[in-house]
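Listed below, chain by chain, are the residues.
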Amino acid sequence: MDESDVHLNPQLTKVWTMRGERFRVPSAGINKKVHIFGGLNYRTGRTTHIVTYRKRAVEFCQFIEELLHQYANDRLVLVMDNASYHKTKAVQDLLAKHNDRAQVFWLPKYSPELNYMDALWGYIKRTALNNHFFGNTQSLDCLLYTSPSPRDLSTSRMPSSA
């Protein structure tokens, strides 16, 4: 499990162009962002994610509930980093309520190389987000809900409006 921020103003990276031509990417002027909470089933490659406009314990709890819904008949091992909102009372209470179905494995601090979701966020940003301006956060939301995971096994549901 992990989360990532996606900015309306695109990340600019190197691109190939014809000699003498300049690659131009428009920008919003005022940057806005959305947050993605995502989880990866290590066994199948299936991803589950939600897009939110805030990144707090409340939204993280919504994501945990979405995972519990998507895997209603399964027992889950939640591999989590040490983000501060992962350890709030609300999250701990939710995990305690579902401790028969969800077990937490805490990653060591500062170890993104152990979290496969970090690699997936990098892949999505490199292949679908860099050097592209979406115009507004709704278009960005649409892309995030329709773009496939690397194994084309993405499942998600739209979040409630914020």
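Above this text sits the structure in question.
For the structure given in this document, a descriptive report is provided here. (Residues numbered from 1 in each chain as written. Predicted model: local features only at pLDDT ≥ 70, side-chain atom pairs only at ≥ 80, totals over all residues. Heavy atoms only, no water.)

**Here's the deal with the pairing of strand S5 (residues 102–106)**
Here's step 1: As paired elements, strand S4 (residues 76–80) and S5 share five bridges and run parallel to each other. Each bridged residue has a counterpart across the sheet, and for Leu-76 the counterpart in S5 is Ala-102.
Here's step 2: Between the parallel pair S4 and S5, the chain is carried across by helix H2 (residues 89–97), and the sense of this crossover is right-handed. (Pairing = 2+ DSSP bridges. Helix = DSSP H or I, 4+ residues; strand = E, 2+ residues; numbered from the N terminus. Right-handed = clockwise from strand over helix to strand, strands pointing away.)

**Notes on the pattern of salt bridges**
Here's step 1: What the rule picks out here adds up to four salt bridges.
Here's step 2: With a shortest N-O distance of 3.2 Å, Asp-5 and Lys-55 are connected by a salt bridge. Within this pair, whereas Asp-5 is found in strand S1 (residues 2–7), its partner Lys-55 is found in the loop between strand S3 (47–52) and helix H1 (57–70), the two being separated by 50 residues in sequence.
Here's step 3: Taking the relative accessible area as the measure of exposure, Lys-55 reaches 30% and is therefore partly exposed. (Salt bridge = Lys/Arg side-chain N within 4 Å of Asp/Glu carboxyl O. Buried < 20%, exposed > 50% of the residue type's maximum accessible area, 1.4 Å probe, protein only.)

**Here we look at the layout of surface pockets**
Here's step 1: When its volume is computed, the largest pocket comes out at roughly 380 Å³.
Here's step 2: Looking at the largest pocket, it is lined by 16 residues, and the ones nearest its centre are Leu-40, Asn-41, Tyr-42, Leu-76 and Val-77.
Here's step 3: Elements with a minimum of two residues in the lining of the largest pocket: strand S2 (33–40) and S4.
Here's step 4: Counting residues per element, the lining of the largest pocket draws most heavily on S4, at four residues.
Here's step 5: Split into classes, the residues belonging to the lining of the largest pocket amount to nine nonpolar, three polar and four charged.
Here's step 6: Every residue lining the second largest pocket is listed: Asp-2, Asp-81, Asn-82, Ala-83, Leu-107, Pro-108, Lys-109, Tyr-110, Ser-111, Pro-112, Asn-115 and Asp-118.
Here's step 7: Split into classes, the residues belonging to the lining of the second largest pocket amount to five nonpolar, three polar and four charged. (1 Å grid on protein atoms, 1.4 Å probe; cavity = no way out; pocket = protein on both sides within 12 Å on 5 of 7 lines; lining within 4 Å. Points joined across faces, edges and corners; volume = space filled by probe spheres on them. Nonpolar A, V, L, I, M, F, W, Y, C, P; charged D, E, K, R; others polar.)

**Concerning the packing of H1 against H2**
Between two packed helices, both the angle of their axes relative to each other and the distance between the axes serve to describe the pair.
Here's step 1: Interaxial distance between H1 and H2 falls to 9 Å at its minimum, and their mutual angle equals 20 degrees. Viewed along their axes, H1 and H2 adopt a mutual orientation that is roughly parallel. H2 is crossed by H1, and the crossing has right-handed handedness. On H2, the residues that touch Ala-57, Phe-60, Cys-61, Ile-64 and Glu-65 of H1 are Ala-90, Val-91, Leu-94 and Leu-95.
Here's step 2: Its residues assigned to classes, the contact of H1 with H2 comprises eight nonpolar, no polar and one charged. (Axes fitted to C-alpha atoms, helices over the stretch in contact; angles between N-to-C directions. Parallel < 35°, antiparallel > 145°, perpendicular 65-115°, else oblique. Left-handed = near helix turned anticlockwise from the far one by under 90°. Contact = heavy atoms within 4.5 Å.)

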